[in-house]
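Spelled out from the first residue to the last, the chains are:
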Amino acid sequence: MLAYFGHHKCATRWICDILSDLTKSIGRDYIRVSKPPDFRDNLKQFMSKRSNDFLFFTNAGYSYVSTLSDMKAFHVVRDARDICISAYFSHLYSHSTDNWPELVSHRRTLSQLNFESGLCLDMQFSRRYIERIGTWNFSDNRILELRFEDLTQNPYMNFKKVLSHLELNDLVSDSKLSELLEKHSFLAKTGGRELGQEDKRAHYRMGIEGDWRRYFTSVNKNYFKKHYNWVLLKSGYEQSNGW
């Protein structure tokens, strides 16, 4: 079985768009899930009937992933501080509320708060998504570990690593990969904006690393350190809380 494991605000839509076209080009089907009800809380049993499908698990929890066998996969994480900034603007403006009733009331509350207070509230709202990164097993040799920052800065090189790990190199030519990456580039997705050009109300808002440095106030920084610094340590983005 082949699989992609992602997390909220870690370029999941972009990656899934590329993978959906890629799987079609090699004659495979895919199945996309984001939460336990999608697979009836038993991922192993759910996938046992779909072993030939490429699994896209976009809010992946390792407790479910660990039950899978005969798997080759890749996993994408992001600096959790940037996740918080991306999530705040997405939850305030652009993320669909379809099948997410909690976001409707949360968005209403966010719209009534200043940025500093709203960001702290949204960090709390996003807790389950951030903590899934902290509870991930980064030592599972079946899973190629990639960072959002590397993948978005050099998509061709890093998707070549993905194809090699998944043993798909012989099925996807270099020209086909380049074609897919151009089709789904940030420039194409945004109608002409370059990486780093911000549109706060767009799903593809900015696409670069380290954006948290522009936005975190001392209050936001202290809140994050108190609740999520352990996630930075676990995922390797920091070595201490001295940042």
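Provided above is the structure to which this section pertains.
Remember, predicted model here, so these are calculated numbers, not experimental data.

Chemist: What am I meant to see in the overall build of the protein here?
Modeler: When you go through the protein residue by residue, the secondary structure sums to 13 helices and five strands. In summary, the protein has a C-alpha radius of gyration of 18 Å against a globular reference of 18 Å for 243 residues, a match within 12%. Counting only C-alpha atoms and orienting by the principal axes, one finds that the protein spans roughly 50 × 40 × 40 Å. For the protein, the residues scored as buried account for 49% of the 243 residues in total. Residue pairs at least 24 apart in sequence account for 67% of intrachain contacts in the protein once pairs closer than 6 positions are excluded. When the accessible area of the protein is evaluated, it comes to approximately 11700 Å², of which 45% is carbon and sulfur surface. If you average the places of the 35 positive and of the 29 negative side-chain charges in the protein, the two averages end up 4 Å apart.

Chemist: Looking at this structure, how should I read the nonpolar core?
Modeler: The biggest cluster of nonpolar side chains holds 26 residues, and the ones touching the most others in it are Tyr4, Ile15, Phe54, Phe74 and Phe159. Elements supplying a minimum of two residues to this core: strand 1 (2–5), helix 1 (12–25), strand 3 (54–57), strand 4 (72–77), helix 8 (148–153), helix 9 (155–165) and helix 10 (174–183). The leading source of residues in this core is helix 1, at six residues. Ranked by size, the runner-up nonpolar core spans 23 residues in total, among them Ile130, Tyr215, Phe224 and Trp243.

Chemist: Would you mind showing me how to read the environment of Thr23 here?
Modeler: Along the chain, Thr23 falls in helix 1. Each C-alpha atom of the pair Thr23 and Gln153 lies 23 Å from the other, and the pair is 130 residues apart in sequence. Excluding anything up to four places from it in sequence, Thr23 contacts Arg28, Tyr30, Phe54 and Phe56. At 2.9 Å, the side chain of Thr23 forms a polar contact with the backbone oxygen of Ser20.

Criteria and cut-off values
Residues numbered from 1 in each chain as written. Predicted model: local features only at pLDDT ≥ 70, side-chain atom pairs only at ≥ 80, totals over all residues. Heavy atoms only, no water. Helix = DSSP H or I, 4+ residues; strand = E, 2+ residues; numbered from the N terminus. Rg over C-alpha atoms; globule rule 2.2 N^0.38 Å. Buried < 20%, exposed > 50% of the residue type's maximum accessible area, 1.4 Å probe, protein only. Contact = heavy atoms within 4.5 Å. Areas by Shrake-Rupley, 256 points an atom, 1.4 Å probe, with all protein chains shown as cover. Lys, Arg positive; Asp, Glu negative; His and termini not counted. Charge placed at Lys NZ, Arg CZ, Asp CG, Glu CD. Core = buried A, V, L, I, M, F, W, Y, C linked by side-chain atoms within 4.5 Å. Polar contact = N/O pair within 3.5 Å; in protein donor to acceptor, adjacent residues only side chain to side chain.

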